[in-house]
Amino acid sequence: MPNVFFIVVGDGELRKKLESETEELEVLFAGRVPQEKVAEYMSAMDVMVLPSRNEGWPCVVLEAQACGTCVVRSNNGGIPEAIGFSEYVIEEGEDFEERFAMKVVDVLENGYDALRLIERAQRFTWNEIVKREISVYSEILQQKSERR
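Rules used in this analysis
Residues numbered from 1 in each chain as written. Predicted model: local features only at pLDDT ≥ 70, side-chain atom pairs only at ≥ 80, totals over all residues. Heavy atoms only, no water. Helix = DSSP H or I, 4+ residues; strand = E, 2+ residues; numbered from the N terminus. Buried < 20%, exposed > 50% of the residue type's maximum accessible area, 1.4 Å probe, protein only. Pairing = 2+ DSSP bridges. Right-handed = clockwise from strand over helix to strand, strands pointing away. Arc of directions from axis to C-beta. Contact = heavy atoms within 4.5 Å. Polar contact = N/O pair within 3.5 Å; in protein donor to acceptor, adjacent residues only side chain to side chain.

Asker: Could you give an account of unusual backbone geometry, naming the residues involved and the relevant values?
Answerer: Of note, N3 is a non-glycine position whose phi angle comes to about 60 degrees, a positive value. Mapping N3 onto the fold places it in the segment before β1 (6-9). With relative accessibility at 82%, the residue N3 sits in the exposed group. Located in the positive-phi region is D95, a residue other than glycine, with phi close to 60 degrees. Tracing the chain through its elements places D95 in the loop between β5 (89-90) and α5 (96-110).

Asker: Provide a residue-level description of the pairing of strand β2 (residues 27-31), including the pertinent values.
Answerer: With four bridges joining them, β1 and β2 adopt parallel strand pairing. For I7, the partnering residue across the bridge sits in β2 and is L28. A crossover links β1 with its parallel partner β2, the connecting element being helix α1 (residues 15-21), and its sense is right-handed.

Asker: Describe helix α6 (residues 114-121), with residues and values.
Answerer: Along α6, the residues that are buried comprise L117, R120 and A121. The arc enclosing the buried residues of α6, seen along the axis, measures out at 100 degrees, which places them on a common side. Buried residues along α6 sit against α3 (59-66), β4 (70-74) and α4 (79-83). For α6, the N-terminal capping position is held by D113, with its side-chain oxygen 3.2 Å away from the main-chain nitrogen of L115.

This is the structure we're talking about:
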C-alpha cells in the first residue's frame, strides 16, 4: 500500500530484528514514550495494530478509541471485549497474518466512524466501572441471601 508510514511505540527484545526487517519501509521507532505523550501518538494514527497472541484486557485499546483511533486486534484473551466491535477482531487460525493485514488495509482504504469509537470509550470512566462493579457485587449478595 503506497504512502503508509508506520510508528512503532514501545521497546523490547524484538526491536533490532524489526528494525532490520523494515529497513525498506517508512518506520519511526519511537521507543518508550512518556505517558503524557501517548495520546499524541495515538491521535496521529489512522489505525493501531496490536496483533498480540497473548493478552488480558488491554487498556491501550480504550485509550486509542478515546482518541478516535481504530484498533485491529487478534481474538485472544479479553481483546474482543476490549475492542467491542467484532469487525476489528481477527480470529486466530489459518492465514491469520494475511487476514489481519487485509483488515488493516480495509480500514485504511475505507475508514471508520471515529465518533462511534470515542462514544464507546466514554462508557469506561472510573465512575461507570465502579457502578458496574457495585452492581455485580450486589447481584452476588442478593443470590447468596436468597439461598439462605
